[in-house]
Each structure stands twice: as C-alpha cells, then as structure tokens.
Amino acid sequence: MSLFQIKERIDTLVKELNGHNYNYYVLAQPTISDFEFDKKLAELAELEKQYPEYQDPDSPTQKIGGDITKEFKTVRHKWPMLSLGNTYNEQDLREFDERVRKAIGDRFEYVCELKFDGLSLSLTYENGKLTRAVTRGDGTQGDDVTANARTIQTIPKIIRGNGYPEMFEIRGEVFMHKPAFDRLNSERIENNEVPYANPRNFASGTLKMQDSSEVAKRPLDCFLYFLYTDKRLYNTHWESLLAVKNWGFHICEHTKLCTDISEVLDFVHLWEEKRFDLSYDIDGIVIKVNNFSQQQELGFTAKSPRWAISYKYKAQEVETVLEKVTYQVGRTGAVTPVANLKPVLLAGTTVKRATLHNANEISRLGLHEGDTVLVEKGGEIIPKIIAVNTIKRRAGAAAISYPEVCPECGSNLVRKEGEAVHYCPNDEACPPQIVGKMQHFISRKAMNIEGLGQETIDTFYKKGLIEHISDLYTLHEKEDQLKQLDRFGEKSISNMLEGIERSKQMPFEKVLFGLGIRYVGETVAKKLAGHFRNIDSLMSASLEELRSAEEIGERIAESLVEYFQGPRHIQQINELKRHGLQFESAEQTVELQSTKLDGLSFIISGVFENYSRDELKDIIEANGGKILSSISAKLNYLVAGDNMGPSKLEKATKLKIPLISDIELLEMLK
Ligand code: IVH
C-alpha cells in the first residue's frame, strides 16, 4: 500500500469503527459481531503502530464508545468469572429446582438476590487492603481498573472489623443510580456530548475511563454478591454475605433466604412489579443454593454453576398507535425524529413518545402513518419502537418520509457523508437553534447567570427582546418592556440584571464554552483557553496549531476553524467584547520558583509518561523559561515525548535544535 492508501485505510477504519461504537454503546444496537469488530480494531491498531503519524486522536484505539479506552493491563482471574444459566418462566425455574433436588435431596435452602444490571467486578483484598479490581472481561481475564474502582465510595479500601482472611476475592456489580444517570446524561446533552442509552452503559463507560479523577466525579455504586476464599470460612452463602456486610461491603438489603421454590417464585413475582420503584435497574433475579457443600456437590457445567440460575424479566413491551412523527431541532441544528404515541402504560409510567434516532431507524422499521407499533422499555430510559405490526396497517397508509426541509425554519436539511443525523444549517436564524444557544450560554456550567432561567430565554425570544447572546447585555435598556411581562416583578428584574452584569467577570474558558461551538465541551474549552490564552490567538490559529494543543483532535480543530469563518460569529464575539466579557485568560501569576531557565525557550511536543504537556509548561514558566509556539532558529530546546509529529522532528533536526526528554528538563532544574 502507498502512504496515501495507508492513510485512507486508517481514516476509513476510524470512521467505520466509531460508527459501530455508537451503535453498540449509545443505540445499544450493534450491527456487526464482536469478532468482526475486534478484527478491524486490531488491523487499525497495527497500522497506527507502524504509522503513528497518521494516528487520529478520535481513533477508537484511543477511545472506545466515547469514553472507554483499551489501555488497561490484562489480569487473569484466580477463579474464573462465570455466567449464569437463564430462565424466563415459572416452568423453567421449577425444572431447575427438580434438577437440584435430584442431585442433593430435599433439605436445602435458596438465597434470592436481585440481578443488578451493571457490570461485574472482581475485587482482591490482601491483609485487609484493596489491592486489585478487575472487570469480567472474557471470564478468564479482564481489565485492571483498580485506580477507577478506588474512587467508588461504597467499595471499601480498607476492611473494617476483623475475622477476614489474609487474601480474598469478592465479586459484585458496579452500577449507577437512575437519578444520577438522568442528571449526568442531561449535562452531556447540554454539553453537546453523545448521551448514554442507559445507566449500565454509563457505568461501564465510566469504569473504563483513563482519567480516574473524572471517574470520581461520576457517582457509581457497587453491590457485592459473592465471596471467594482459599479456605472455606463459612458454611453458607447467606452467612458469608452477613460477614462481608460487617467488613464494610455494600450488600443489597432485598436479598432473601427462601426455604423452597414456592418462596422463590413469590420473590420473583414480587420484584417483577416492584423493580420499577428501585433507584437502579435490575433485569431479573439470581437464585443460589445456600449451602457451600451442596454447591460443591452440584458443581459446574462448562460455563455456569449448577447451583445457581437467573430468572430474567422480559423487557416490558406493549402495542400502541403511532399518532405522528415530529422532528426536534437541537441547539446544534441536529434533527431528531420523535414518535408521538397514543399514551399507554408501560413499566410503571405512561409512555407518549419514543425516540426514532434518525432517518435510518425510520426506514429500518418501515414506519407508515398510523401504524400500530410495539414499544419496549428495557434498561433504556427512553422507550423505543422495536417493531411494526404490519397486519394492523391501514390500507393505503403512506410511508413516513423524512422531511427535506427544517420543520422550524424551512432551510434545506443537510446530512454529512458518513453521518446518520440530518442537520439544519441555518444556525443564525433557526428559532430552536437560537434559543438553544442562548439557553446554553446562560446555563450553570457555562456563564451560570443567576436570576435568568431557560424558560425566560424562550419568553424573551418570543417577545422579540433578544435574538443573540449579546442582546442579553442590552436588556437593562429595556426595563420598561420587561416590567410589562407577566410574572416579572421589579425584584426579579433587578436580580436578573445583576446576574447578567456579574457574568462579565466569568473567566474566558466559560465564555468560550458558552459560545456553543460544536465539539467544544467544558474540558476542551478549558484546554483551549489554557493553551491559546486569548480569543485572538485562538481565532487566528491554523488547523495544525489547533491540533498541537493538548487533547485537540482533527474533528474539534475543523469545527473551530469553521466556526471562526462565520462573519456573524465574529460579529457576536466583537459585540460581547464591547460589553466587557472576558476573552483573555487571567494572567497566571506564576510564582517564580527559580531563574534557572531564564532566557531559554522551549517547545513541548508529544506525550509524556509522568507529566501532561500543561504541567511541563507550568514547570518551565515557573523557572523563568519561555514557551514558543513554533519551531524557529530562536528555539533553544524541544522537549520531546512519544508520538511526536514527524514534521516537527524534521524541522528541529534541520535547525539542529537539541531534543531533550522531560527527565532531562527536570535535570536542568537541579
Ligand atoms: S452471581 C457464579 N449474583 O449476572 C455466580 N451475578 O449472568 C456468578 N449479576 O456476570 C454471578 N446480579 O454480572 C450474581 N446478584 C447477583 C448478580 C449477578 C447481577 C450479573 C453478573 C454476572 C451475570 C451472570
């Protein structure tokens, strides 16, 4: 393959695999097998290894499914992590009970537990301390996620009490409570990030993040459900659960000791209804023979224990009628089709709407007007249409056709190559985009303007009081008009105006995030503000300069360049500047630690094992050194890490600029 073909192959694989990740993690609808996926991923990883210069920061080898990385150490499980046999009805469960009785007689008990819908984790403790946390992986080996597991509050880092063995393993399920999921997922939507389809995906995405400090911000919980020790300490599973509870582990309070199968069935039926009242998702019940000797007697099949089984609840589904399909336009212009349904009771709530994701989904279902559809609510918060009952279709019903123009402003919709989503390109005059952008600007994570709410923005827009973000800063000139609005007392107006005035002091990174540039989320805005320091250097940065900033990939760089090419965007920025908003990072008063690097200039490039580029930059500046933005003969040192761009290397070599490592830099300070 020529270099050109290699680059093209890498680009194609990146695009394709990212699409599959989206289908898998977000839509929970994979379209290829795991095997196929892994094969392509391996091909990509190999090409990237050989041609690191073509590695894309958005490559799925770096990030899987948004936040997941494959950079964890693989660890073999001491005891394999098995799965459970499944049953779906009373008959299956009675047959399981028969098999058990045939093997061990009539004198035994069951422990019934909820089947938590998360991801399983195996924790190792040595001398009372958590030493390792490993995911299930393929059952024989998994990922070492110890650093991340340590951030989970309910996982004890040190065992309480005594009586625990020198070494033991304990297994359980990591999950996220539904209210936390709802809150964090709406924040993701607000930040223009792809939302997770359900709490399980969110928990799994979080546990496999590279940055543990980010994991710590996301509240995960963990129920433990099985203890492994070299020597048997207890006679029954129930006793072991009581013990580990005293050692400080989180054990689900609904676990129940049952004396026979009819008690088990009562438990199964009880939770079939009550599960919707729990703050977390369960997808069934796990039934375990209580006595360890009896468990041993029953033994295992190749994949699962004969002493335990799971009863899986069916995803709840119900038929209803599609009333119409409407199209929502978000603040970025993304158009989402929504199925408006005849209200129907499902999984404890009344369902009126279901998401249709995009045009592909509508054609996959072959949806027609007035169709009778089957709606399912599994782990997903938003119900989805899984099938159409074509027998009930009205004769002559028209197929649902995706609109060609924006339902809000009439502009022709566009669909970028390789993307499933349609966009309305009219970001300057399409009402939901304008309102959405202003709502984003005032939101808590952006400018956090007190006294001004999301609905108020909508009202002000409809009354013609504001049309652009900058109009917020002229509202004080319109007090008379404001006073005439319902529900606007003098006090609330003055609170709001004070809030707006105060927002002029918000730091540059918040303003930048508030502008709502596609793909510029909170973290990216922070990185950009830190790197470029002010809006003018950011606006004049080339694609390559943008990409050289930490964590800024091709997609973000392109989006920034495109944004700053819009004359209206520039006009807005100028208006906001005029009103006194912060477009410059506050001068960091770097406390000079030494003057050892006085008069020396540096460029930092590549990735370092022990420091981020920003940290190295701080170290250099704190010791009197200067950071340059491009390689020239004036440069004294190039601090070079791994995966440095080949063009930089070439230029530095040509100009005979010494390359030093991060360690050598620190040596200079000694
Ligand atoms: S016991 C050999 N108990 O279900 C015993 N598993 O299909 C293995 N799970 O991988 C597991 N809640 O991730 C057990 N109360 C519970 C569970 C539970 C959820 C998951 C676990 C396991 C899968 C087995």
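Scroll up a little and you will see the structure.
Just so you know, these numbers come straight off a predicted model, no measurement behind them.

Considering helix α13 (residues 454-462)
Within α13, burial applies to T456, I457 and F460. Each buried residue of α13 lies within a common arc of 105 degrees when the element is viewed along its axis, so the set occupies one face. Looking at α13, the residues exposed on the side facing more than 90 degrees away from the buried face are E455 and K462. G464 lies just past α13 and shows a positive phi near 75 degrees.

Here's the deal with the site of the ligand
Taken together, 14 residues sit near the ligand, with E113, L114, F116, E173 and Y225 positioned nearest. Between the ligand and the protein, one listed contact pairs an oxygen atom with a backbone N or O atom of L84 at 3.4 Å. Contact between the ligand and K288: a nitrogen atom at 3.1 Å from a side-chain N or O atom of the residue. In isolation the ligand has 520 Å² of accessible area, and contact with the protein removes 90% of it. Elements represented by at least two residues in the shell around the ligand include exactly β3 (110-116) and β10 (282-289). The biggest single contributor to the shell around the ligand is β3, with 4 residues. Per-class residue counts for the shell around the ligand are 7 nonpolar, 2 polar and 5 charged.

Concerning the sheet that holds strand β21 (residues 659-660)
With parallel pairing, the 4 strands of this open sheet are ordered in space as β19-β18-β20-β21. A single partner strand is all that each edge strand has here, and the edge strands are β19 (626-627) and β21. Bridge count for strand β18 (residues 601-605) against β19 is 2 bridges, and the pairing is parallel. Within β19, the position partnered with F602 by the bridge is I627. Sitting on the sheet, helix α22 (residues 613-622) is in contact with β18, β19 and β20 (637-640), with an inclination near 170 degrees to β18.

Brief notes about the side chain of N185
The topology assignment puts N185 in helix α5 (residues 178-190). Judged by its relative accessible area of 8%, N185 is buried. Of note is the side chain of N185, whose polar atom sits 2.8 Å from the backbone oxygen of Y196.

Section: the environment of W238
Relative to the helices and strands, W238 is located in helix α8 (residues 237-246). Relative accessible area serves as the criterion here: at 25%, W238 is assigned to the partly exposed category. Once residues lying within four places of it in the same chain are set aside, the contact partners of W238 are V111, T255, K256, L257 and N290.

What counts as what
Position numbers for residues count from 1 along each chain, tracking the sequence in the order it is written. Where totals are concerned, whole chains, interfaces and linings use all residues; where local detail is concerned, this predicted model gives features only for residues with pLDDT of at least 70, and gives and counts side-chain atom pairs only at 80 or more. Think of the side-chain values as coming from all heavy atoms in the structure, minus any hydrogens and water. Relative accessible area decides the class of each residue, using a 1.4 Å probe on protein chains only: under 20% of the type maximum gives buried, over 50% gives exposed, and in between gives partly exposed. Only DSSP runs of H or I covering at least 4 residues are called helices, and only runs of E covering at least 2 are called strands; the numbering of each starts at the N terminus. For this quantity, the arc is that covered by the directions from the helix axis to the C-beta atoms. Whether a residue is near a molecule or strand depends on its heavy atoms: it is near if one of them lies within 4 Å of it. Counted as a polar contact is a pair of N or O atoms within 3.5 Å, where, for protein atoms, one must be capable of donating a hydrogen and the other of accepting one, and residues adjacent in sequence contribute only when both atoms are in side chains. Per-residue and other accessible areas were derived by the Shrake-Rupley procedure at a 1.4 Å probe size, with only the shown protein chains allowed to occlude residues. Classification used: nonpolar for Ala, Val, Leu, Ile, Met, Phe, Trp, Tyr, Cys and Pro, charged for Asp, Glu, Lys and Arg, polar for all others including Gly. A pair of strands is treated as paired once DSSP finds two or more bridges between them. By definition, residues are in contact when any of their heavy atoms lie within 4.5 Å. A fitted line through C-alpha atoms represents every axis, and for helices the fit uses only the stretch in contact; the resulting angles, taken between N-to-C directions, go from 0 to 180 degrees.

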